[in-house]
Amino acid sequence: MIKKVLTNKELYWTFLYQFLTLVGGIILIKLLATTLSKETYGFYALIMSVVAFIVMMPFSALMQGVSRYISIYKDKNRYINFLKTVLLLYVILIFIYLFVSFVYKSIFTLGVVWDGIYYFVVLFSISEIIKILLRTINNTNRERKNLTFSIFIEFGLKIILLYIVSKYYNISINEVLTIFIIANSLSIISMLFKNKQIFNLNHIDTKEMKIYIYRIWIFSYPLVIWALFGWLRDMSNRWYLDYFLDKEQVALFAMMGSIAMIAPTALSGLIGGFIMPIIYQKENKEKGYARRFLFKLLPSVFGVFLLSFIVTYIFKSEIIMIIADKKYLEIAWMLPWMFLVFCIYSLSMMATYELFAHKQTKRLIYSSIFPGIISMIFGYIFIKHYGINGALYNYIITYLSYAILTFIVVFKYWKNNSYKEVLIEK
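Within any chain, residue numbers begin from 1 and follow the written order of that chain's sequence. Where totals are concerned, whole chains, interfaces and linings use all residues; where local detail is concerned, this predicted model gives features only for residues with pLDDT of at least 70, and gives and counts side-chain atom pairs only at 80 or more. Heavy atoms from the whole structure form the basis of all side-chain values; hydrogens and water molecules are not counted.

*Asks:* When you look at the overall build of the protein in this model, what are you seeing that I'm missing?
*Replies:* Each helix is a run of DSSP H or I of at least 4 residues and each strand a run of E of at least 2, with the numbering of both proceeding from the N terminus. Within the protein one finds 15 helices and zero strands. On C-alpha atoms alone, the protein measures out to a radius of gyration of 22 Å, which is about the 22 Å that the 2.2 N^0.38 rule sets for 426 residues. C-alpha extents for the protein along the principal axes are approximately 55 × 45 × 45 Å. Taken across its 426 residues, the protein has 53% of its residues classed as buried. Any two residues whose heavy atoms approach within 4.5 Å are treated as being in contact. Considering only intrachain contacts with a sequence separation of at least 6, the fraction spanning at least 24 residues in the protein is 84%. Within this scheme the basic residues Lys and Arg register as positive and the acidic residues Asp and Glu register as negative, but His and the chain ends are omitted. Lysine's charge is taken at NZ, arginine's at CZ, aspartate's at CG and glutamate's at CD. With 43 positive and 22 negative side-chain charges, the protein shows a separation of 9 Å between the mean positions of the two kinds. The globule rule is 2.2 Å times the number of residues to the power 0.38, and the radius of gyration it is compared with is taken over C-alpha atoms. Working definition: with a 1.4 Å probe on protein chains only, accessible area under 20% of the residue-type maximum means buried, over 50% means exposed, and in between means partly exposed.

What follows is the structure, encoded as C-alpha cells:
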C-alpha cells in the first residue's frame, strides 16, 4: 500500500501544487505584510472581500455543479458538448457583470479612493473567475501536472513582480492589483492548452444546452443561496471593523484570519483536490465509497488539527513573525483560537463529501444560511461594543455554528441512508 502511494504520480503532482499554493501564499502574505502599511493592508483586505463576493455570486457555486457532472458526461461521451455549454454560460454571465459594472460606475460615485481602483477590481475579478473555472475543469479531469504549472506561474509572477516593484517604489493597491491581473492572465493561458477543444462552438444543440444548464443549476442553486450567507460569515467582520473603527483594525483581524486558515486550507485542499474527482468517479459505479473513505479520513484529520493547534498556541508569536510582520504581534493572542475554530470548520466541510457526491447539496442550505445571519447580527453588536475582540467572538460563534449544524446534517444523512439504500442519479 505504501509503495503504491509513493509511486503514484497523480498524488505527487497533487501534493506539489498544494505545496506551491501553501508556500506561495505564505510568501505573498509576507511581502504584502512588510511592504504595505496596516491601513493599506486593511484596504486590500476589503477589496479582496469584494472580489470574493463577485466570484461567489454565482460562479463558485456553479463550478461545483460543473465539477460534479464532468465525470458523468465523460462516461456518456458528452464531455465536449457539456464544456462548451459551460463556457458559453460563463461568457454570458461575465458580460452581464461587465454591463452592470459600467452602468453602476456611470450612475454612482464611490469616493475618490474606490473610484480610482474600480476597474482594476473588475478586471481582477474576471481573471479570478476564469482562472478558477479552468482549475476546476482541470482538477476534475485530474490534470495535476498542468495545475501545478499554472500555480507555479501565478505565484512565481506575483512574488517576483511584487518584490521588484516594492524594492524601487512605494507600492500602491493599483500596482498590486495590476500584478495580480498579469499573473492570473498568464496562469490562464497555461491552462487553456488543456481545454482548446471547448472553443470550437460548431454543432451546439440548444436543447441539449438547456438540459446541461438545468442540471448544473439544480445541483448548484443551494450553493448560490449559501454563497451570500457564506460571504457574510467570512467577510462581514471586516466591514463592521471598518465602519466602527478603522482600516488598521481591519488589517489586524484580516491578517490573523489569513494566517489561521493557511494550514487547514492547505490540508483540506490537498485531500479534496486529490480525492474529490476520484470520489465522484467511484460513486458513479460503487455506492458507499465516499462514506467508507470519510470514516477513515475524519478521525485522522481531527488528530492532525489537534496537534497543530497545540503547536500554534505555543509558537503563535514566532508564526506571525515568520509569515507576516512584527507590527501584527499585538494581536498574536487571537491566532490559536481562530486557527482551532477554522480547523473544526474545515473538518465539517470534509464531512460533506458524500452529500456532494450524491447531489444532496440542498440539505446544507440551512447550515449555511444561519451562520451568515448570526454573523451579520452578532457582528454588529459585538464589534460595536467590544471592538476587535468582538470580531473574534463573532468569528468563533459563526464558524462553530456552521460546523455544528453541518455535522448534524451529515450524521442525520448517514443515519437515514445505509450503503444499500444510497440512491445515486445516473
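The discussion continues.
*Asks:* For this particular structure, what's the right way to read the side chain of serine 368?
*Replies:* Tracing the backbone through its elements, the reader meets serine 368 in helix 14 (residues 365-386). Under the relative-accessibility criterion, serine 368 is labelled buried at 1%. Side-chain polar atoms of serine 368 contact the backbone oxygen of leucine 364, separated by 2.9 Å. Sequence-distant contacts of serine 368, defined by excluding residues within four places in its chain, comprise Trp226, Phe229 and Tyr402. Nitrogen and oxygen atoms within 3.5 Å of one another constitute a polar contact, given that in protein one can donate a hydrogen and the other can accept it, and given that sequence-neighbouring residues count only through two side-chain atoms.

*Asks:* Quick question: what am I supposed to make of the pattern of salt bridges here?
*Replies:* In a structure, side chains of opposite charge can pair up when their charged atoms sit close to one another. When a carboxyl oxygen of Asp or Glu lies within 4 Å of a side-chain nitrogen of Lys or Arg, that pair is called a salt bridge. In this structure the tally under the stated criterion is nine salt bridges. Of the charged contacts in the structure, one is a salt bridge between glutamate 154 and lysine 131, with a shortest N-O distance of 3.0 Å. With glutamate 154 in helix 6 (residues 144-168) and lysine 131 in helix 5 (residues 112-140), this residue pair connects regions lying 23 residues apart in the sequence. For lysine 131, a relative accessible area of 5% translates into the label buried. In this structure, the salt-bridge partner of aspartate 242 is lysine 247, at a minimum N-O distance of 3.2 Å. Its relative accessible area of 21% is what places aspartate 242 among the partly exposed residues. Within this structure, Glu128, Lys131, Arg135, Glu154 and Lys158 form a network of salt bridges that share partners.

*Asks:* Explanation requested: the nonpolar core in the structure shown.
*Replies:* Side chains that are nonpolar tend, in soluble globular proteins, to be buried together. Phe82, Met256 and Tyr328 are the most contacted members of the largest nonpolar core, which totals 124 residues. The greatest single-element share of this core, amounting to 19 residues, is contributed by helix 3 (residues 38-75). Setting aside chain neighbours within four positions, we find tyrosine 328 in contact with Ala33, Lys38, Tyr41, Ala251, Leu252, Met255, Met256 and Ile320. Counting residues in each nonpolar core, the second largest holds nine residues, with Met56, Ala227, Met235 and Ile365 among its members. Each nonpolar core is a collection of buried residues, namely Ala, Val, Leu, Ile, Met, Phe, Trp, Tyr and Cys, held together in the definition by side-chain atoms within 4.5 Å.

*Asks:* Before we go on, may I ask you to explain the packing of aromatic side chains in this structure?
*Replies:* Where two aromatic rings form a pair, the distance of their centres and the angle of their planes describe that pair. Working definition: a ring pair exists when centres of Phe, Tyr or Trp rings (six-membered ring for Trp) sit within 6.5 Å. Plane angles under 30 degrees give stacked, over 60 give edge-to-face, the rest tilted. One pass over the full model with this rule turns up 34 aromatic pairs. Seen from their ring centres, tyrosine 366 and phenylalanine 370 are 6.2 Å apart, and the 25° between their planes marks the pair as stacked. In this pair, tyrosine 366 and phenylalanine 370 both sit in helix 14, four residues apart, roughly one turn of the helix. For phenylalanine 370, a relative accessible area of 42% gives the class partly exposed. Ring centres 5.6 Å apart and planes at 55° place the aromatic pair phenylalanine 411 and tryptophan 414 in the tilted group.

*Asks:* Help me understand the packing of helix 2 (residues 9-35) against helix 11 (residues 316-323) in this model?
*Replies:* A pair of packed helices is captured by two measures, namely the crossing angle of their axes and the spacing between those axes. Angles here are taken between N-to-C directions and fall from 0 to 180 degrees, while the axes themselves are lines fitted to C-alpha atoms, restricted in helices to the stretch in contact. With their axes 8 Å apart at the nearest point, helix 2 and helix 11 run at an angle of 80° to one another. Judged by the inter-axis angle, helix 2 sits roughly perpendicular to helix 11. Contacts between helix 2 and helix 11 pair Ile26, Ile29 and Lys30 from the former with Met321, Ile322 and Ile323 from the latter. Of the residues assigned to the contact of helix 2 with helix 11, the class counts are five nonpolar, no polar and one charged. By definition in this entry, angles of less than 35 degrees are roughly parallel, angles greater than 145 are roughly antiparallel, angles of 65 to 115 are roughly perpendicular, and the rest are oblique. Gly counts as polar in this scheme, as do all residues outside two lists: the nonpolar Ala, Val, Leu, Ile, Met, Phe, Trp, Tyr, Cys and Pro, and the charged Asp, Glu, Lys and Arg.

Spatial relationships are all this shows, so hold off on functional conclusions.
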